[in-house]
Every structure is written in C-alpha cells, then in structure tokens.
Amino acid sequence: MKFSTRQDIEAPAEFVFEHFTDFEGLERQAMRRGIEVARKSTHQPRDVGAGWMLKVPFRGKIRDLDAEIVECDAPNTLAATAVSGGLNMEIKSELVPLSPQRTRVTIGYEVRPKTLSARILVQSVKFAKATLQKRFEKRVKKYCEHLSEQYQGAPKR
C-alpha cells in the first residue's frame, strides 16, 4: 500500500534538507508522543546505515520498529526503511529546487506485508486508505508550512 504527496516550500532546498535530517529534533518529537527511541548504530544520524530501535504504540499494542537510513544524497534525496513484525516499510523524500527560494518536496511511503497476519492488517487498513491519504497529505502540508514560516523568520544570510 502506497501513500504519496507533493508540496512546495518557500525555502531553499539546503534549508529544507537540513530540517528533514534533524534527527535529534525528530527523536525529541517522537519521545514527546510516547515513542521510545534508541539509536542502534555508531553512524552519524545523517549517514547511510544509521538506525534506530523504536517502541511505537499502534492499535492498542506496543510495536517494535527497526528503522535505518538507506539513502542520503544531500540536498536531493533521503530514504529510510523500517521493519515491524511482518511489515516492511519504506519512506522516501525527494527535494527539487524550483528557484533559489522555493523547493518542491515529494514524499512517498510504502507498506509491504510479509506475513499472513500482516497482509490481513494491511487489507483491513485499505478500506480506510482515502482517509489515511488525506491525513498523510494534511500532516505533510502542515510540516511544510511550518518550514516555510521558520525560513521566513530565520535571519537571512
């Protein structure tokens, strides 16, 4: 099952990529939402191979999630994979500079089941795909608007 969206941000690609790869900030946000986060490698967070072990509440249970950066081409592409039970997940973001002060971000998220119980879970979620797609787009749009506002308020170089 795939979700994807595209948004424009009023900020340079380097600024956007820097915030997309602010893993320390993302770790703090996750912890505030009740997710346990532990780094599992000695790699720098922005390097390919950097990984995290997460304990994520989902559908009333705590799920173990093993995430890893698989591609990092600053300031163009960032991709990560995650495994939880019988689910393999991949998220990829691509940044395209439209002008020196404007960047188009494309974010795709794919979930692939590997076990029968995971297939049943994904199948049940497919019934709500339209709602989940809208929610995904809304959250990405809100984050992109936040980055635009942050850049507008940042001191100019």
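Residues numbered from 1 in each chain as written. Predicted model: local features only at pLDDT ≥ 70, side-chain atom pairs only at ≥ 80, totals over all residues. Heavy atoms only, no water.

1. Remarks on the state of the cysteines
Summed over all chains, the structure comprises zero disulfides. We note that C72 lacks a disulfide partner, and the nearest cysteine sulfur, in C144, lies 18 Å from it. For C144, a relative accessible area of 2% gives the class buried. (Disulfide = S-S within 2.5 Å. Buried < 20%, exposed > 50% of the residue type's maximum accessible area, 1.4 Å probe, protein only.)

2. Some remarks on the packing of helix 1 (residues 13–20) against helix 4 (residues 129–153)
One way to put it is that helix 1 packs onto helix 4 with a least axis distance of 11 Å and a crossing angle of 120 degrees. Classified by the angle between their axes, helix 1 and helix 4 sit oblique to one another. Every pair of crossing elements has a handedness; the one defined by helix 1 and helix 4 is right-handed. Along the contact surface, helix 1 presents F15, V16, H19 and F20, while helix 4 presents Y143, L147, Q150 and Y151. The residue inventory of the contact of helix 1 with helix 4, partitioned by class, reads six nonpolar, two polar and no charged. (Axes fitted to C-alpha atoms, helices over the stretch in contact; angles between N-to-C directions. Helix = DSSP H or I, 4+ residues; strand = E, 2+ residues; numbered from the N terminus. Parallel < 35°, antiparallel > 145°, perpendicular 65-115°, else oblique. Left-handed = near helix turned anticlockwise from the far one by under 90°. Contact = heavy atoms within 4.5 Å. Nonpolar A, V, L, I, M, F, W, Y, C, P; charged D, E, K, R; others polar.)

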